[in-house]
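The primary structure of each chain is shown beneath.
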Amino acid sequence: MTEKSLKILFLAAEAVPFAKVGGLADVAGSLPKALRALGHDVRLMMPRYGTIRSDKFDLAKIGEPFSIPLGREEECVHLIGGTMDGGVPVYLLWNDLYFSSRDRVYGFEDDAQRFTVFGRAALASLRLLDWKPDVIHANDWHTGFVPTWLNVTGWRAPFYRGLATLFTIHNLAYQGIAGRLILTFAQLEEVKHLSVEPPGDVNWMAQGIAHADLINTVSKRYAQEILTPEMGMGLDPLLRERQERLFGVVNGIDYEEWNPATDPNISYRFDVETLDRRAANKAALQQQARLPARAESPLVGMVTRLDEVKGMDLMEPVLTWLLGEEDAQFILLGTGAPEYHEMFERIQARFPNRARAILKFDEVLARRIYAGADMFLMPSAVEPCGLGQMIAMRYGCVPIVRATGGLADTVVDYTASRSRGTGFVFEAYTRRACRGALQRALRAYGDKKTWRTLQRRGMTTDFSWSASAQEYVKLYRKAMELHGP
Ligand code: ADP
């Protein structure tokens, strides 16, 4: 018997190509497309920020404006919509006060209110559209209101009763905490205080976790890690309570977007059959970075936010060893905390012929690093999923990663498994362990045949969205089953 195709509403605060701050936008831009390719009616809904221009995206007004109640006031909202790549319908919620007058996604004093408005408007708009999904897929704290409202009050209305919810945690570090007055604003005063919430506050991430039919994170390893006090960001007691409903599904990458055979931004295009051409990308990168053109020296690359969680505090001693004692080159592309900008500048000044630090955000250079560096270093302390390591493997750049979250789930250590290894993995978050992994990589690099094998394996491992989209479909069906009619 073939299973019925599903109606899925995908809710996210950011989505490529409309607005991007981080990895959530990549997921929201590509997972719906993959679900649609499997035959499901998935539609994306997000706020219309001031930066999203109707003329740039071919968006048109849908239906009449409608009001939503907020505290003692009402706000007027209307919908504009269009179609994304791959035929996914997209709806943007337009409200002047909370979204259209704002020139960025996050970082306002009233973010908790703003995303409460998003959730309230999203639910109300379904009536206007007269479209009743089987499942609402809510993402991160910005959508925590939705399962909460459905569970606490929405179920009373027949239209909303049957809506199952899946709540995905992309990053537990951001939780959306506000004083309990927000419940008056949300007209949800019946919401119970959770023991993980600070006294007098509401935590939308926690509420989303507590009320969704099913919960998942973006890798299996991270789903385990967040159950511990070390990595649970204060929510581990709640997550342990709901452990039976918590799953992990690793993110994919968009294989059309990230393809060394067609990427117009790299100097020489190549695929697994024409790996020899990759050397020309390395030479072009060395030239662009003003590093000596040395074909044989291993070139280690990093493309990263400069944030503590990305393993920055290991870098100075490890790079001092790598560039001081080994015949290696290093290139970093990243922006973030000023102290790390200074740190990489110091390293560059100390090893001017070996290290280059480019302290900015540059989409094109990022691709040239993936296509030209020999090794990709990602020594993260915390990494819910991580995209860099998957992109690197797709481009024949061998990853060196710490065994955490999605890094542990996507890179197989070559030292532990010669027949399946795709990179080099270290366990302890120490400079010694990081250095050890680099040493193992350098040794393998010295043997051309081994290195080719590693590159080829990474390039042919399937990190596309299709497998993960099928996992999500299973979770949607399970959420529906648990929710009941
Ligand atoms: P996170 O979402 O925590 O930053 P991910 O590995 O999931 O980490 O995703 C990071 C993405 O952002 C990758 O696609 C990476 O190439 C890109 N990126 C990070 N820093 C830069 C930069 N300075 N310039 C260009 N792209 C960058």
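Predicted model only: the values in this text are computed from it and were never measured.

## Digging into helix α19 (residues 465-483)
Right, so step 1: Taking 1.5 Å per residue, 19 residues should reach 27 Å; α19 reaches 26 Å between its end C-alpha atoms and fits that length.
Right, so step 2: Among all positions of α19, only Trp-465, Ser-468, Ala-469, Tyr-472, Val-473, Leu-475, Tyr-476 and Ala-479 are buried. The buried side chains of α19 occupy one side of the element, clustering within an arc of 165° when seen end-on. Exposed side of α19, more than 90 degrees from the buried face: Lys-474 and Glu-481 are the residues found there.
Right, so step 3: On its buried face, α19 is in contact with β1 (7-11), α1 (23-37), β6 (135-139), β7 (164-169), β10 (214-217) and β11 (246-248).
Right, so step 4: A positive backbone phi angle near 80° is found at Gly-484, which sits one or two residues after α19.

## Some thoughts on the sheet that holds strand β12 (residues 299-306)
One key point about sheets: their strands pair by backbone hydrogen bonds, in either a parallel or an antiparallel sense.
Right, so step 1: Ordered by their spatial adjacency, six strands build an open sheet running β14-β13-β12-β15-β16-β17, and the pairing between neighbours is parallel. Here the strands that pair on one side only, and so sit at the sheet edges, are β14 (355-358) and β17 (424-426). Going across the sheet, the axis of each strand differs from the next one's by a mean of 15°, ignoring polarity.
Right, so step 2: Where strand β15 (residues 375-378) and strand β16 (residues 398-402) come together, four bridges link them in parallel fashion. Note on β16: the bridge partner recorded for Met-375 is Val-398.
Right, so step 3: Its contacts with the sheet place helix α18 (residues 448-460) against β15, β16 and β17, and it is angled at close to 75° to β16.

## Observations regarding the site of the ligand
Right, so step 1: Taken together, 18 residues lie near the ligand, and Arg-305, Lys-310, Lys-360, Tyr-370 and Leu-387 sit nearest.
Right, so step 2: In the model, a nitrogen atom of the ligand is placed 3.0 Å from a nitrogen or oxygen of the Asp-362 main chain.
Right, so step 3: Coverage of the ligand by the protein chains reaches 87% of its 560 Å² of free accessible surface.
Right, so step 4: Elements supplying a minimum of two residues to the shell around the ligand: β12, β13 (329-336), α14 (363-372) and α15 (388-394).
Right, so step 5: In the shell around the ligand, the residues fall into eight nonpolar, five polar and five charged.

## A closer look at the sheet that holds β6
Right, so step 1: One open sheet holds the nine strands; their spatial order is β3-β4-β5-β2-β1-β6-β7-β10-β11, and the pairing between them is mixed. Lying at the two open borders of the sheet, with one neighbouring strand each, are β3 (60-70) and β11. Here the average twist between neighbouring strands, direction ignored, is 25°.
Right, so step 2: In terms of strand pairing, strand β2 (residues 41-47) meets strand β5 (residues 89-94) through four bridges, oriented parallel. Each bridged residue has a counterpart across the sheet, and for Pro-47 the counterpart in β5 is Leu-93.
Right, so step 3: Lying on the sheet, α19 is in contact with β1, β6, β7, β10 and β11; it crosses β7 at an angle near 130°.

## As for a negative patch on the surface
Right, so step 1: On the surface, a cluster of negative charge is contributed by Glu-308, Asp-313, Glu-339, Glu-342 and Glu-345.
Right, so step 2: Secondary-structure assignment places Glu-342 in helix α13 (residues 338-350).
Right, so step 3: When its relative accessible area of 47% is taken as the criterion, Glu-342 is described as partly exposed.

## Some words on the environment of Ala-441
Right, so step 1: For Ala-441, the position within the fold is in helix α17 (residues 431-445).
Right, so step 2: Look at Ala-441 and you get buried, because its relative accessible area is 0%.
Right, so step 3: Between the C-alpha atoms of Ala-441 and Met-375, which are 66 residues apart in sequence, the distance is 8.2 Å.
Right, so step 4: Not counting chain neighbours up to four residues away, the residues in contact with Ala-441 comprise Met-375, Ile-400, Phe-424 and Trp-451.

## A word on unusual backbone geometry
Both trends apply: most residues other than glycine have a negative phi, and most peptide bonds are in trans.
Right, so step 1: Of note, the bond from Val-16 into Pro-17 is cis; its omega dihedral lies within 30 degrees of zero at 10°.
Right, so step 2: Along the polypeptide, Pro-17 turns up in the loop between β1 and α1.
Right, so step 3: Positioned with a positive phi, Arg-290 is a non-glycine residue whose angle comes to about 55°.
Right, so step 4: Tracing the backbone through its elements, the reader meets Arg-290 in the loop between α11 (278-288) and β12.

## Notes on the packing of helix α12 (residues 315-325) against α13
Right, so step 1: Between α12 and α13, the shortest axis-to-axis distance is 11 Å and the interhelical angle comes to 15°. When the axes of α12 and α13 are compared, the pair comes out roughly parallel. Crossing handedness for the pair α12 and α13: right-handed. Of α13, the residues touching α12 (which contributes Met-315, Glu-316, Leu-319, Thr-320 and Leu-323) are Met-343, Phe-344, Arg-346, Ile-347 and Arg-350.

## With respect to the pattern of salt bridges
Right, so step 1: Within this structure, the stated rule accounts for 27 salt bridges.
Right, so step 2: Taking the shortest distance from any N to any O, the salt bridge between Asp-327 and Arg-354 comes out at 3.8 Å. One end of the pair, Asp-327, is in the loop between α12 and β13; the other, Arg-354, is in the loop between α13 and β14, and 27 residues separate them in sequence.
Right, so step 3: When its relative accessible area of 34% is taken as the criterion, Asp-327 is described as partly exposed.
Right, so step 4: Overall, the relative accessible area of 22% leaves Arg-354 in the partly exposed class.

## Description of the packing of aromatic side chains
Right, so step 1: What the rule picks out here adds up to 19 aromatic pairs.
Right, so step 2: Aromatic pair Tyr-49 and Phe-99: ring centres 5.9 Å apart, planes at 75°, arrangement edge-to-face. Here Tyr-49 is found in the loop between β2 and α2 (54-57), whereas its partner Phe-99 is found in helix α3 (residues 96-100), with 50 residues between them in sequence.
Right, so step 3: An angle of 65° between the planes, with centres 6.2 Å apart, marks the rings of Tyr-98 and Phe-185 as edge-to-face. Taken together, the residues Tyr-98 in helix α3 and Phe-185 in helix α7 (residues 181-185) connect sequence positions 87 residues apart.
Right, so step 4: Classification of Phe-185 as buried rests on a relative accessible area of 16%.
Right, so step 5: Directly above the aromatic system of Phe-108 lies the positively charged group of Arg-102, at a separation of 4.8 Å from the ring centroid.
Right, so step 6: The positively charged end of Arg-394 is found above the aromatic ring belonging to Tyr-255, 3.7 Å away from the centroid.

Cut-offs applied
- Residues numbered from 1 in each chain as written.
- Predicted model: local features only at pLDDT ≥ 70, side-chain atom pairs only at ≥ 80, totals over all residues.
- Heavy atoms only, no water.
- Helix = DSSP H or I, 4+ residues; strand = E, 2+ residues; numbered from the N terminus.
- Expected span 1.5 Å × (residues − 1).
- Buried < 20%, exposed > 50% of the residue type's maximum accessible area, 1.4 Å probe, protein only.
- Arc of directions from axis to C-beta.
- Contact = heavy atoms within 4.5 Å.
- Pairing = 2+ DSSP bridges.
- Axes fitted to C-alpha atoms, helices over the stretch in contact; angles between N-to-C directions.
- Near = heavy atom within 4 Å.
- Polar contact = N/O pair within 3.5 Å; in protein donor to acceptor, adjacent residues only side chain to side chain.
- Areas by Shrake-Rupley, 256 points an atom, 1.4 Å probe, with all protein chains shown as cover.
- Nonpolar A, V, L, I, M, F, W, Y, C, P; charged D, E, K, R; others polar.
- Patch = residues over 30% accessible without salt bridge, like charges linked within 9 Å, V, L, I, M, F, W, Y side chains within 5 Å.
- Salt bridge = Lys/Arg side-chain N within 4 Å of Asp/Glu carboxyl O.
- Lys, Arg positive; Asp, Glu negative; His and termini not counted.
- Charge placed at Lys NZ, Arg CZ, Asp CG, Glu CD.
- Parallel < 35°, antiparallel > 145°, perpendicular 65-115°, else oblique.
- Left-handed = near helix turned anticlockwise from the far one by under 90°.
- Phe/Tyr/Trp six-rings, centres within 6.5 Å; stacked < 30°, edge-to-face > 60°.
- Lys NZ or Arg CZ within 6 Å of the ring centre and 35° of its normal.

Everything listed is a geometric property; what it means functionally is a separate question.
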